[in-house]
Amino acid sequence: MSQTGEVWRSGIELIIRIWKLLRGNAAHRFSATLVRAGATLVAGSPAIYLLLQLAFDSIFGNCSAETARVDDYLAIGGFVVGVLLIGAGIYIFYQFRVVIAFEDQLAFIVQPGAGFQETARFLADDYFLKFEGFSPAELAAPLSERKVIVPDVIFALQGLGTLARTGNFPNYRVREENGTIIVRKTDV
């Protein structure tokens, strides 16, 4: 493919990514529609009640008790259906929530009770990982449970120590050399 073709293709891919980012996914759009419809029915129930009452009064003159009950039931039904639609929209939103991330990001969840070394080894899956200057207690330091989105593995490892539950976790530096990630304690 020519240079110009590559530029156009990458430009079109960028536009598509931005469109997806702005529009969200289909489940979020559907849940937003349900919540809007439900809010309209909940807020519109008193208005619907008044309009039906005016319509029945003008059409039937002296409306009977049965006709008055019909518009009451319709107004109450609109309110109940509105509340159900709002609930369904919120449920769908939370069931189908996704993390919007570009391809060059790393997203992970630090599990409760996971240690520093264990989590670092999990993150550095494709790399050989080497720790220098850490004591066994420091490597086993438990981390706080947290959802993390970072640009890459090196950045994730650099910030991993901030999640340590111990107040005096040592400072360290992370660097990559020929496929090996070296985590070196600087407080030695």
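It should be noted that the structure appears before, not after, this text.
Residues numbered from 1 in each chain as written. Predicted model: local features only at pLDDT ≥ 70, side-chain atom pairs only at ≥ 80, totals over all residues. Heavy atoms only, no water.

This part is about the overall build of the protein chain. Looking only at helices and strands, the protein chain has six helices and five strands in total. Sequence-ordered secondary structure for the protein chain, helices as α and strands as β, is α-α-α-β-α-β-α-β-α-β-β. In the protein chain, which comprises 188 residues, the share counted as buried stands at 27%. Expressed as a percentage of contacts within the protein chain between residues at least 6 apart in sequence, the contacts between residues at least 24 apart total 67%. Accessible surface for the protein chain amounts to roughly 12,900 Å². Of this, 61% is attributable to carbon and sulfur atoms. (Helix = DSSP H or I, 4+ residues; strand = E, 2+ residues; numbered from the N terminus. Buried < 20%, exposed > 50% of the residue type's maximum accessible area, 1.4 Å probe, protein only. Contact = heavy atoms within 4.5 Å. Areas by Shrake-Rupley, 256 points an atom, 1.4 Å probe, with all protein chains shown as cover.)

Strand order in the open sheet formed by three strands is E2-E5-E4, with mixed pairing between adjacent strands. Unpaired on one side and paired on the other, strand E2 (128-132) and strand E4 (172-177) mark the two borders of the sheet. With strand direction ignored, the average angle separating the axes of adjacent strands in the sheet is 20°. With six bridges connecting them, E4 and strand E5 (residues 180-185) associate as antiparallel partners. Note on E5: the bridge partner recorded for Arg175 is Ile182. Sheet strands touched by helix H4 (residues 116-123): E2, E4 and E5. Its angle to E2, the strand with the most contacts, is close to 150°. (Pairing = 2+ DSSP bridges. Axes fitted to C-alpha atoms, helices over the stretch in contact; angles between N-to-C directions.)

Here we take up the pairing of E5. For E5, the buried fraction is high: five of the six residues fall into the buried class. Where E2 meets E5, five bridges bridge the pair, whose relative direction is parallel. Bridging from a neighbouring strand, Lys130 pairs with Ile182 of E5. Between the antiparallel neighbours E4 and E5 lie two residues, among them Asn178 with a positive phi of about 50°.

A word on the packing of aromatic side chains. Under the defined criterion, the tally for this structure stands at eight aromatic pairs. Here the aromatic rings of Phe131 and Phe134 are separated by 6.1 Å at their centres, their planes lie at 85°, and the arrangement is edge-to-face. Through a chain of ring-to-ring contacts, three or more aromatic side chains come together here, namely Phe116, Phe131, Phe134, Phe169 and Tyr172. (Phe/Tyr/Trp six-rings, centres within 6.5 Å; stacked < 30°, edge-to-face > 60°.)

Next up on the list: helix H6 (residues 153-160). Within the sequence span of H6, burial applies to Val153, Ala156, Leu157 and Leu160. Down the axis of H6, the buried side of the element spans an arc of 95°, and every buried residue falls inside it. Considering only its buried residues, H6 is in contact with strand E1 (106-110), H4, E2, strand E3 (146-150), E4 and E5. (Arc of directions from axis to C-beta.)

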